[in-house]
Amino acid sequence: MQDATSLFPVPAPAVVSPLRTAVSHRSDPAEAVAELASGLCHASLGFVLFFCSVEYPLEALSRALNEAFADIPVAGCTSAGEITPAGYARGSIVAIGFDRCHFVLAPALVESLDAFDLPCAQRLVDDLLGRCRERALAPLADHSFVVTLLDGLSSSEESVIATLDAALGSIPSFGGSAGDDNRLARTHVFCHGRFHNEAAVVLMVNTPLPFEVFTTHHLRPRHEKLVVTAVDRESRRVLELNAVPAVEAYAALVEQPVAGLGPELFARHPLAVRIGDHYYVRSIQRANEDGSLSFYCAVENGIVLTAMTSALIHEELVQTLQGLEQRLGPHELVIGCDCFLRRLELEVLGEDAAVSDLLSLSRVIGFNTYGEQYHGMHINQTFTGVAIGTARPGGAA
(Lines give C-alpha, C1' and ligand atoms only; values in the text may rest on other atoms or scores of the structure.)
Protein backbone atom coordinates (compact mmCIF):
# COMPACT_ATOMS: atom_id res chain seq x y z
CA MET A 1 0.00 0.00 0.00
CA GLN A 2 1.29 3.42 -0.98
CA ASP A 3 2.44 5.74 1.84
CA ALA A 4 0.17 8.73 2.42
CA THR A 5 3.10 11.10 2.18
CA SER A 6 3.83 9.90 -1.34
CA LEU A 7 0.27 10.69 -2.35
CA PHE A 8 0.21 14.03 -0.56
CA PRO A 9 3.84 15.20 -0.24
CA VAL A 10 4.49 17.75 2.47
CA PRO A 11 5.47 21.07 0.84
CA ALA A 12 9.03 22.22 1.50
CA PRO A 13 9.30 25.17 3.87
CA ALA A 14 9.47 28.53 2.12
CA VAL A 15 13.00 29.82 1.64
CA VAL A 16 13.49 33.18 3.34
CA SER A 17 15.74 35.52 1.41
CA PRO A 18 18.67 36.89 3.46
CA LEU A 19 17.60 40.38 2.36
CA ARG A 20 13.99 41.44 1.98
CA THR A 21 12.91 44.79 0.58
CA ALA A 22 9.74 46.83 0.84
CA VAL A 23 8.53 50.26 -0.25
CA SER A 24 5.53 52.41 0.51
CA HIS A 25 4.24 55.46 -1.33
CA ARG A 26 1.52 56.09 1.26
CA SER A 27 1.72 59.57 2.78
CA ASP A 28 0.36 58.58 6.20
CA PRO A 29 3.33 57.43 8.36
CA ALA A 30 1.40 54.67 10.16
CA GLU A 31 0.06 53.26 6.91
CA ALA A 32 3.46 53.52 5.22
CA VAL A 33 5.28 51.70 8.02
CA ALA A 34 2.56 49.04 8.22
CA GLU A 35 3.13 48.37 4.53
CA LEU A 36 6.87 48.06 5.14
CA ALA A 37 6.34 45.71 8.07
CA SER A 38 4.07 43.44 6.04
CA GLY A 39 6.84 43.00 3.49
CA LEU A 40 9.79 42.72 5.87
CA CYS A 41 8.70 40.95 9.02
CA HIS A 42 9.49 37.26 9.48
CA ALA A 43 10.72 35.10 12.33
CA SER A 44 14.44 35.78 11.77
CA LEU A 45 14.34 39.49 10.88
CA GLY A 46 17.33 41.03 12.64
CA PHE A 47 17.67 44.62 11.41
CA VAL A 48 15.90 47.24 9.26
CA LEU A 49 17.64 49.94 7.22
CA PHE A 50 15.45 52.58 5.56
CA PHE A 51 15.59 55.74 3.43
CA CYS A 52 12.70 58.18 3.37
CA SER A 53 11.44 61.47 1.99
CA VAL A 54 11.28 64.48 4.33
CA GLU A 55 7.68 64.91 3.21
CA TYR A 56 6.81 62.53 6.04
CA PRO A 57 6.15 64.11 9.46
CA LEU A 58 9.25 62.68 11.08
CA GLU A 59 8.03 62.48 14.69
CA ALA A 60 4.98 60.50 13.59
CA LEU A 61 7.19 58.33 11.39
CA SER A 62 9.48 57.62 14.36
CA ARG A 63 6.53 56.49 16.48
CA ALA A 64 5.26 54.23 13.71
CA LEU A 65 8.69 52.64 13.20
CA ASN A 66 9.16 52.06 16.94
CA GLU A 67 5.76 50.42 17.23
CA ALA A 68 6.02 48.25 14.12
CA PHE A 69 9.61 47.09 14.80
CA ALA A 70 9.53 47.17 18.60
CA ASP A 71 12.14 44.44 19.10
CA ILE A 72 14.13 45.06 15.92
CA PRO A 73 16.88 47.72 15.69
CA VAL A 74 16.24 50.27 12.94
CA ALA A 75 18.50 52.85 11.28
CA GLY A 76 18.12 55.14 8.29
CA CYS A 77 18.08 58.67 6.96
CA THR A 78 16.15 61.18 4.92
CA SER A 79 16.83 61.37 1.21
CA ALA A 80 16.88 63.50 -1.92
CA GLY A 81 14.99 60.72 -3.69
CA GLU A 82 14.65 56.99 -3.14
CA ILE A 83 15.78 53.91 -5.08
CA THR A 84 13.07 51.28 -4.69
CA PRO A 85 12.47 47.79 -6.12
CA ALA A 86 10.78 49.57 -9.05
CA GLY A 87 13.61 52.09 -9.54
CA TYR A 88 13.68 55.82 -8.81
CA ALA A 89 10.94 57.30 -6.63
CA ARG A 90 10.16 60.43 -4.63
CA GLY A 91 7.94 61.02 -1.59
CA SER A 92 8.30 57.40 -0.48
CA ILE A 93 9.99 55.24 2.13
CA VAL A 94 12.03 52.18 1.15
CA ALA A 95 13.55 49.62 3.52
CA ILE A 96 15.79 46.56 3.64
CA GLY A 97 15.29 43.75 6.14
CA PHE A 98 18.39 41.77 7.13
CA ASP A 99 17.99 38.14 8.19
CA ARG A 100 19.94 37.52 11.42
CA CYS A 101 20.85 34.05 10.16
CA HIS A 102 22.99 35.71 7.50
CA PHE A 103 23.91 39.10 8.99
CA VAL A 104 25.11 40.59 12.26
CA LEU A 105 24.63 44.37 12.37
CA ALA A 106 25.87 46.75 15.05
CA PRO A 107 24.79 50.43 14.85
CA ALA A 108 26.27 53.45 16.61
CA LEU A 109 25.24 57.10 16.74
CA VAL A 110 27.80 59.92 16.60
CA GLU A 111 26.17 63.08 17.94
CA SER A 112 29.13 65.45 18.39
CA LEU A 113 30.61 65.52 14.90
CA ASP A 114 33.01 68.38 15.65
CA ALA A 115 34.49 66.46 18.59
CA PHE A 116 34.88 63.15 16.73
CA ASP A 117 38.63 62.62 17.01
CA LEU A 118 40.74 59.49 16.56
CA PRO A 119 40.39 58.24 20.18
CA CYS A 120 36.58 58.57 19.84
CA ALA A 121 36.68 56.74 16.53
CA GLN A 122 38.82 53.94 17.94
CA ARG A 123 36.49 53.44 20.91
CA LEU A 124 33.49 53.37 18.57
CA VAL A 125 35.11 50.83 16.23
CA ASP A 126 36.23 48.64 19.13
CA ASP A 127 32.67 48.65 20.50
CA LEU A 128 31.18 47.74 17.10
CA LEU A 129 33.71 44.95 16.61
CA GLY A 130 32.97 43.64 20.08
CA ARG A 131 29.25 43.52 19.43
CA CYS A 132 29.73 41.78 16.09
CA ARG A 133 32.20 39.34 17.63
CA GLU A 134 29.61 38.18 20.18
CA ARG A 135 27.74 36.32 17.45
CA ALA A 136 29.94 36.71 14.39
CA LEU A 137 28.65 34.54 11.60
CA ALA A 138 32.02 34.72 9.86
CA PRO A 139 35.53 35.90 10.78
CA LEU A 140 35.45 39.68 11.19
CA ALA A 141 38.40 40.21 8.86
CA ASP A 142 37.36 40.09 5.18
CA HIS A 143 33.72 39.47 6.11
CA SER A 144 32.74 42.87 7.50
CA PHE A 145 31.96 46.29 6.05
CA VAL A 146 30.69 49.60 7.41
CA VAL A 147 27.82 51.82 6.22
CA THR A 148 27.90 55.52 7.15
CA LEU A 149 24.92 57.88 7.06
CA LEU A 150 25.67 61.55 7.83
CA ASP A 151 23.72 64.76 8.19
CA GLY A 152 24.15 66.07 4.65
CA LEU A 153 24.30 69.74 5.69
CA SER A 154 26.67 69.37 8.63
CA SER A 155 29.88 70.32 6.74
CA SER A 156 31.65 67.70 8.88
CA GLU A 157 31.72 64.76 6.49
CA GLU A 158 35.41 65.03 5.56
CA SER A 159 36.77 65.04 9.09
CA VAL A 160 34.38 62.38 10.41
CA ILE A 161 34.90 59.96 7.53
CA ALA A 162 38.68 60.37 7.41
CA THR A 163 38.93 59.84 11.17
CA LEU A 164 36.65 56.81 11.09
CA ASP A 165 38.60 55.30 8.21
CA ALA A 166 41.84 55.57 10.18
CA ALA A 167 40.25 53.60 13.02
CA LEU A 168 38.68 50.99 10.72
CA GLY A 169 41.99 49.99 9.17
CA SER A 170 41.34 47.39 6.47
CA ILE A 171 37.56 47.22 6.99
CA PRO A 172 35.91 48.74 3.88
CA SER A 173 33.33 51.48 4.28
CA PHE A 174 30.87 53.42 2.17
CA GLY A 175 27.88 55.63 2.75
CA GLY A 176 25.82 58.65 1.86
CA SER A 177 24.92 62.08 3.17
CA ALA A 178 21.25 62.47 4.06
CA GLY A 179 19.11 64.71 1.85
CA ASP A 180 15.92 66.70 2.15
CA ASP A 181 14.31 66.45 -1.30
CA ASN A 182 16.65 69.12 -2.71
CA ARG A 183 15.46 71.80 -0.27
CA LEU A 184 18.95 72.21 1.28
CA ALA A 185 17.35 73.18 4.59
CA ARG A 186 17.60 70.32 7.10
CA THR A 187 18.61 66.68 6.85
CA HIS A 188 18.22 63.83 9.34
CA VAL A 189 19.64 60.46 10.33
CA PHE A 190 17.69 57.88 12.36
CA CYS A 191 19.07 55.72 15.16
CA HIS A 192 18.00 54.59 18.64
CA GLY A 193 14.34 55.28 17.91
CA ARG A 194 14.41 58.87 16.65
CA PHE A 195 15.69 61.28 14.01
CA HIS A 196 18.80 63.39 14.69
CA ASN A 197 20.47 66.48 13.16
CA GLU A 198 24.20 67.20 13.16
CA ALA A 199 24.82 63.50 13.66
CA ALA A 200 26.02 60.35 11.94
CA VAL A 201 25.05 56.69 12.00
CA VAL A 202 27.84 54.13 11.73
CA LEU A 203 26.64 50.60 10.96
CA MET A 204 29.01 47.64 11.02
CA VAL A 205 27.87 44.57 9.08
CA ASN A 206 29.30 41.05 9.38
CA THR A 207 28.18 38.35 6.95
CA PRO A 208 29.40 35.10 5.40
CA LEU A 209 27.86 36.19 2.09
CA PRO A 210 30.27 37.52 -0.54
CA PHE A 211 30.23 41.29 -1.02
CA GLU A 212 32.14 44.12 -2.68
CA VAL A 213 32.21 47.79 -1.68
CA PHE A 214 32.56 49.96 -4.79
CA THR A 215 32.30 53.45 -6.26
CA THR A 216 31.97 54.69 -9.84
CA HIS A 217 31.26 57.88 -11.74
CA HIS A 218 30.67 58.89 -15.34
CA LEU A 219 32.85 62.01 -15.48
CA ARG A 220 35.99 62.47 -17.54
CA PRO A 221 38.67 65.20 -17.19
CA ARG A 222 39.02 68.10 -19.60
CA HIS A 223 42.19 70.15 -20.00
CA GLU A 224 40.91 73.34 -18.29
CA LYS A 225 42.09 74.03 -14.73
CA LEU A 226 40.92 76.46 -12.03
CA VAL A 227 43.04 77.27 -8.98
CA VAL A 228 41.30 78.12 -5.68
CA THR A 229 42.88 81.45 -4.69
CA ALA A 230 40.52 82.48 -1.87
CA VAL A 231 38.22 80.32 0.25
CA ASP A 232 36.05 80.38 3.37
CA ARG A 233 36.88 76.87 4.53
CA GLU A 234 34.31 76.64 7.32
CA SER A 235 31.35 77.38 5.05
CA ARG A 236 32.77 75.54 2.01
CA ARG A 237 32.59 78.76 -0.02
CA VAL A 238 35.14 79.44 -2.75
CA LEU A 239 35.55 83.20 -3.06
CA GLU A 240 38.02 83.31 -5.95
CA LEU A 241 39.14 81.04 -8.76
CA ASN A 242 42.23 82.09 -10.70
CA ALA A 243 42.23 85.34 -8.65
CA VAL A 244 38.82 86.49 -9.95
CA PRO A 245 35.38 86.13 -8.33
CA ALA A 246 34.50 82.44 -8.37
CA VAL A 247 31.17 82.82 -10.16
CA GLU A 248 32.80 84.82 -12.96
CA ALA A 249 35.59 82.28 -13.47
CA TYR A 250 33.16 79.37 -13.50
CA ALA A 251 30.69 81.13 -15.82
CA ALA A 252 33.52 81.81 -18.26
CA LEU A 253 34.58 78.16 -18.10
CA VAL A 254 31.12 76.85 -19.00
CA GLU A 255 30.45 79.76 -21.39
CA GLN A 256 27.27 80.83 -19.65
CA PRO A 257 26.16 84.15 -18.11
CA VAL A 258 26.44 84.42 -14.33
CA ALA A 259 22.66 84.79 -14.15
CA GLY A 260 22.28 81.37 -15.78
CA LEU A 261 24.23 79.44 -13.15
CA GLY A 262 22.08 76.91 -11.31
CA PRO A 263 21.76 73.27 -10.20
CA GLU A 264 21.25 71.80 -13.67
CA LEU A 265 24.34 73.53 -15.03
CA PHE A 266 26.41 72.56 -11.97
CA ALA A 267 25.33 68.92 -12.39
CA ARG A 268 26.48 68.82 -16.01
CA HIS A 269 29.72 70.78 -15.55
CA PRO A 270 31.35 69.72 -12.26
CA LEU A 271 34.89 70.30 -11.06
CA ALA A 272 37.23 67.70 -9.56
CA VAL A 273 40.48 67.42 -7.64
CA ARG A 274 43.07 64.93 -8.84
CA ILE A 275 44.67 62.64 -6.24
CA GLY A 276 47.13 60.23 -7.80
CA ASP A 277 45.52 58.82 -10.92
CA HIS A 278 41.96 59.41 -9.74
CA TYR A 279 39.64 62.39 -9.96
CA TYR A 280 37.31 63.16 -7.05
CA VAL A 281 34.41 65.47 -7.86
CA ARG A 282 33.82 68.63 -5.85
CA SER A 283 30.24 69.55 -6.78
CA ILE A 284 28.94 73.11 -6.62
CA GLN A 285 25.88 73.66 -4.46
CA ARG A 286 24.94 77.22 -5.44
CA ALA A 287 26.16 80.60 -6.71
CA ASN A 288 26.01 83.33 -4.08
CA GLU A 289 25.22 87.03 -4.47
CA ASP A 290 28.70 87.99 -3.21
CA GLY A 291 30.30 86.23 -6.20
CA SER A 292 31.32 83.09 -4.32
CA LEU A 293 30.42 79.46 -5.00
CA SER A 294 29.25 77.11 -2.25
CA PHE A 295 30.39 73.49 -2.58
CA TYR A 296 29.04 70.19 -1.22
CA CYS A 297 32.58 69.08 -0.30
CA ALA A 298 35.41 70.84 1.46
CA VAL A 299 37.68 72.84 -0.87
CA GLU A 300 41.08 74.09 0.27
CA ASN A 301 42.97 77.21 -0.72
CA GLY A 302 45.55 76.53 -3.44
CA ILE A 303 44.10 73.30 -4.79
CA VAL A 304 43.74 72.82 -8.53
CA LEU A 305 40.27 71.98 -9.79
CA THR A 306 39.93 70.21 -13.13
CA ALA A 307 36.92 70.79 -15.37
CA MET A 308 35.03 67.55 -16.01
CA THR A 309 32.75 66.44 -18.80
CA SER A 310 30.01 63.81 -18.72
CA ALA A 311 30.08 60.40 -20.33
CA LEU A 312 26.92 58.29 -20.51
CA ILE A 313 25.60 57.41 -17.04
CA HIS A 314 23.61 54.42 -18.30
CA GLU A 315 26.60 52.89 -20.09
CA GLU A 316 28.88 53.43 -17.09
CA LEU A 317 26.33 51.84 -14.73
CA VAL A 318 25.85 48.82 -16.96
CA GLN A 319 29.61 48.21 -17.00
CA THR A 320 29.87 48.64 -13.23
CA LEU A 321 26.98 46.34 -12.40
CA GLN A 322 28.08 43.70 -14.91
CA GLY A 323 31.58 43.76 -13.46
CA LEU A 324 30.24 43.26 -9.94
CA GLU A 325 28.16 40.30 -11.06
CA GLN A 326 31.10 38.73 -12.88
CA ARG A 327 33.18 38.90 -9.70
CA LEU A 328 30.48 38.01 -7.15
CA GLY A 329 27.95 36.01 -9.11
CA PRO A 330 24.22 36.79 -8.92
CA HIS A 331 23.33 39.54 -6.46
CA GLU A 332 21.04 39.25 -3.49
CA LEU A 333 21.03 43.05 -3.42
CA VAL A 334 23.01 46.20 -4.16
CA ILE A 335 22.73 48.95 -1.55
CA GLY A 336 23.36 52.13 -3.50
CA CYS A 337 24.14 55.75 -2.62
CA ASP A 338 23.46 57.73 -5.80
CA CYS A 339 24.26 61.46 -5.85
CA PHE A 340 21.15 63.54 -6.45
CA LEU A 341 23.10 65.56 -9.04
CA ARG A 342 23.42 62.43 -11.19
CA ARG A 343 19.66 62.00 -11.06
CA LEU A 344 19.16 65.68 -11.89
CA GLU A 345 21.44 65.31 -14.90
CA LEU A 346 19.50 62.26 -16.06
CA GLU A 347 16.22 64.14 -15.76
CA VAL A 348 17.59 67.07 -17.78
CA LEU A 349 18.75 64.65 -20.50
CA GLY A 350 15.53 62.61 -20.41
CA GLU A 351 17.44 59.43 -19.50
CA ASP A 352 16.12 58.90 -15.96
CA ALA A 353 13.54 56.26 -16.96
CA ALA A 354 16.16 54.03 -18.60
CA VAL A 355 18.51 54.22 -15.60
CA SER A 356 15.58 53.68 -13.22
CA ASP A 357 14.74 50.45 -15.06
CA LEU A 358 18.38 49.36 -14.91
CA LEU A 359 18.52 49.93 -11.14
CA SER A 360 15.33 47.91 -10.70
CA LEU A 361 16.57 45.00 -12.82
CA SER A 362 19.89 45.03 -10.94
CA ARG A 363 18.18 44.80 -7.52
CA VAL A 364 19.48 48.16 -6.31
CA ILE A 365 17.92 49.66 -3.18
CA GLY A 366 19.09 52.97 -1.74
CA PHE A 367 18.75 56.71 -1.97
CA ASN A 368 19.84 59.90 -3.70
CA THR A 369 22.41 61.64 -1.53
CA TYR A 370 23.98 65.04 -0.88
CA GLY A 371 27.39 63.38 -1.09
CA GLU A 372 28.91 59.93 -0.90
CA GLN A 373 31.56 58.39 1.33
CA TYR A 374 34.05 55.77 0.19
CA HIS A 375 37.09 54.47 2.10
CA GLY A 376 37.54 57.68 4.08
CA MET A 377 36.82 60.06 1.18
CA HIS A 378 33.84 62.40 0.90
CA ILE A 379 32.94 62.61 -2.79
CA ASN A 380 30.22 63.88 -5.11
CA GLN A 381 28.40 62.79 -8.25
CA THR A 382 29.16 59.10 -7.80
CA PHE A 383 27.22 55.88 -7.49
CA THR A 384 28.72 54.22 -4.41
CA GLY A 385 27.62 51.19 -2.44
CA VAL A 386 27.96 47.50 -1.69
CA ALA A 387 26.95 44.55 -3.82
CA ILE A 388 25.98 41.48 -1.78
CA GLY A 389 26.12 38.12 -3.49
CA THR A 390 24.31 34.87 -2.83
CA ALA A 391 25.65 32.05 -0.69
CA ARG A 392 28.55 30.24 -2.32
CA PRO A 393 28.03 26.49 -2.96
CA GLY A 394 29.05 24.59 0.12
CA GLY A 395 29.43 27.79 2.16
CA ALA A 396 28.16 28.33 5.69
CA ALA A 397 25.54 30.78 4.50
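I will try to describe carefully the structure that is included in this document.

Here we come to the overall build of the protein chain. Along the backbone of the protein chain there are 10 helices and 26 strands. Since a compact globule built from 397 residues should have a radius of gyration of about 21 Å, the 22 Å found for the protein chain is in line with a globular shape. Considering only C-alpha atoms, the protein chain reaches an extent of 95 × 45 × 40 Å along its principal axes. Buried residues in the protein chain amount to 55% of all 397 residues. Of all intrachain contacts in the protein chain linking residues separated by at least 6 positions in sequence, the fraction that spans at least 24 positions is 81%. By element, 52% of the accessible surface of the protein chain is carried by carbon and sulfur atoms, the whole surface being about 16600 Å². For the protein chain, the centre of its 27 positive side-chain charges and the centre of its 47 negative side-chain charges are spaced 3 Å apart.

It is worth spelling out the layout of surface pockets at this point. Computed from the structure, the largest pocket encloses a volume of approximately 450 Å³. Around the largest pocket, the lining comprises 20 residues; the ones closest to its centre are Ser155, Glu158, Ser159, Arg233 and Ala298. Among the elements of the structure, α5 (157-168) and β25 (377-379) are those that each provide at least two residues to the lining of the largest pocket. With three residues, α5 is the single largest residue contributor to the lining of the largest pocket. Grouping the amino acids of the lining of the largest pocket by side-chain chemistry returns seven nonpolar, six polar and seven charged. Put simply, the second largest pocket is a space of about 300 Å³. In this structure, the second largest pocket is lined by 15 residues; those nearest its centre are Thr215, Thr216, His217, His278 and Tyr279. Elements with a contribution of two residues or more to the lining of the second largest pocket: β13 (211-216), β14 (219-232) and β18 (278-282). With four residues, β18 is the largest single contributor of residues to the lining of the second largest pocket. Its residues assigned to classes, the lining of the second largest pocket comprises eight nonpolar, five polar and two charged.

Our next topic: the nonpolar core. Ranked by internal contacts, the top residues of the largest apolar core, which has 33 residues, are Phe98, Phe145, Leu149 and Ile388. With residues near it in sequence (within four places) discarded, phenylalanine 145 still touches Ile171, Pro172, Phe174, Leu203, Met204, Val205, Thr207, Phe211, Val213, Val386 and Ile388. Membership of the second largest hydrophobic core comes to 24 residues, among which are Val125, Leu129, Leu140 and Ala167.

With respect to the helices, strands and loops of the structure, asparagine 368 is situated in strand β23 (residues 364-369). Among the polar contacts made by the side chain of asparagine 368, one reaches the side chain of arginine 343 at a distance of 2.7 Å. Residues contacting asparagine 368, with those up to four places away along its chain left out, are Ser79, Ala80, Gly81, Glu82, Tyr88, Asp338, Cys339, Phe340 and Arg343.

Time to look at the pattern of salt bridges. Opposite charge on two side chains allows them to pair when their charged atoms are near. Here the structure, examined in full by the defined rule, presents 16 salt bridges. Its salt-bridge partner being arginine 236, residue glutamate 158 comes within 2.6 Å of it at the nearest N-O pair. Here glutamate 158 is found in helix α5, whereas its partner arginine 236 is found in the loop between β14 and β15 (237-241), with 78 residues between them in sequence. For glutamate 158, a relative accessible area of 22% puts it in the partly exposed group. Of the charged contacts in the structure, one is a salt bridge between glutamate 224 and arginine 222, with a shortest N-O distance of 2.9 Å.

With that settled, the discussion passes to empty space enclosed by the protein. Here the structure, examined in full by the defined rule, presents one cavity of 30 Å³ or more. Approximately 30 Å³ is the volume found for the largest cavity. For the largest cavity, the full set of lining residues is Thr148, Ile161, Leu164, Asp165, Ser173, Phe174, Gln373, Tyr374 and His375. Elements supplying a minimum of two residues to the lining of the largest cavity: α5, β9 (173-177) and β24 (372-374). Broken down by element, the residue count for the lining of the largest cavity peaks at three residues, all from α5.

By the definition in use, this model includes zero disulfides. Cysteine 77 provides the cysteine sulfur closest to cysteine 337, a residue in no disulfide bond, and the two sulfurs are 7.7 Å apart. Look at cysteine 337 and you get buried, because its relative accessible area is 2%. Between cysteine 339, a cysteine without a disulfide, and cysteine 297, which holds the nearest cysteine sulfur, the sulfur-to-sulfur distance is 8.9 Å.

Calculation rules
- Along each chain, numbering runs from 1 in the same order as the chain's sequence is written.
- The model is predicted, so local features are restricted to residues of pLDDT at least 70 and side-chain atom pairs to those at 80 or more, both for listing and for counting; the totals for chains, interfaces and linings are taken over all residues.
- Hydrogen atoms and water are omitted, and side-chain values are computed over all heavy atoms in the structure.
- In DSSP terms, a helix is any run of H or I states spanning at least four residues, a strand is any run of E spanning at least two, and both are numbered starting from the N terminus.
- As a reference, a globule follows 2.2 Å times the number of residues to the power 0.38, and the radius of gyration itself is taken over C-alpha atoms.
- Between buried and exposed lies partly exposed: a residue is buried under 20% and exposed over 50% of the maximum accessible area for its type, with that area taken using a 1.4 Å probe on protein chains only.
- In this analysis, two residues are considered to be in contact whenever any of their non-hydrogen atoms come within 4.5 Å of each other.
- Per-residue and other accessible areas follow the Shrake-Rupley method at a 1.4 Å probe size, with only the shown protein chains counted as cover for residues.
- His is not counted, nor are the chain ends, whereas Lys and Arg count as positive and Asp and Glu as negative.
- Every charge is mapped onto a representative atom, which is NZ of Lys, CZ of Arg, CG of Asp or CD of Glu.
- In the cavity and pocket records, a cavity denotes points on a 1 Å grid over the protein atoms alone where a 1.4 Å probe fits but cannot get out, a pocket denotes an open set with protein on both sides within 12 Å along at least 5 of 7 lines, and lining residues are residues with an atom within 4 Å of a point.
- Grid points are joined across faces, edges and corners, and a volume is the space filled by probe spheres set on the points.
- Polar here means any residue other than Ala, Val, Leu, Ile, Met, Phe, Trp, Tyr, Cys and Pro, which are nonpolar, and Asp, Glu, Lys and Arg, which are charged; Gly is therefore polar.
- What we call a nonpolar core is a set of buried Ala, Val, Leu, Ile, Met, Phe, Trp, Tyr and Cys residues that are connected through their side-chain atoms within 4.5 Å.
- Under this definition, polar contacts are N or O atom pairs within 3.5 Å; protein pairs additionally need one hydrogen-donor-capable and one acceptor-capable atom, and for neighbouring residues in sequence, both atoms have to be side-chain atoms.
- Here a salt bridge means any side-chain nitrogen of Lys or Arg lying within 4 Å of a carboxyl oxygen belonging to Asp or Glu.
- Cysteine sulfur atoms that pair up within 2.5 Å are treated as a disulfide.

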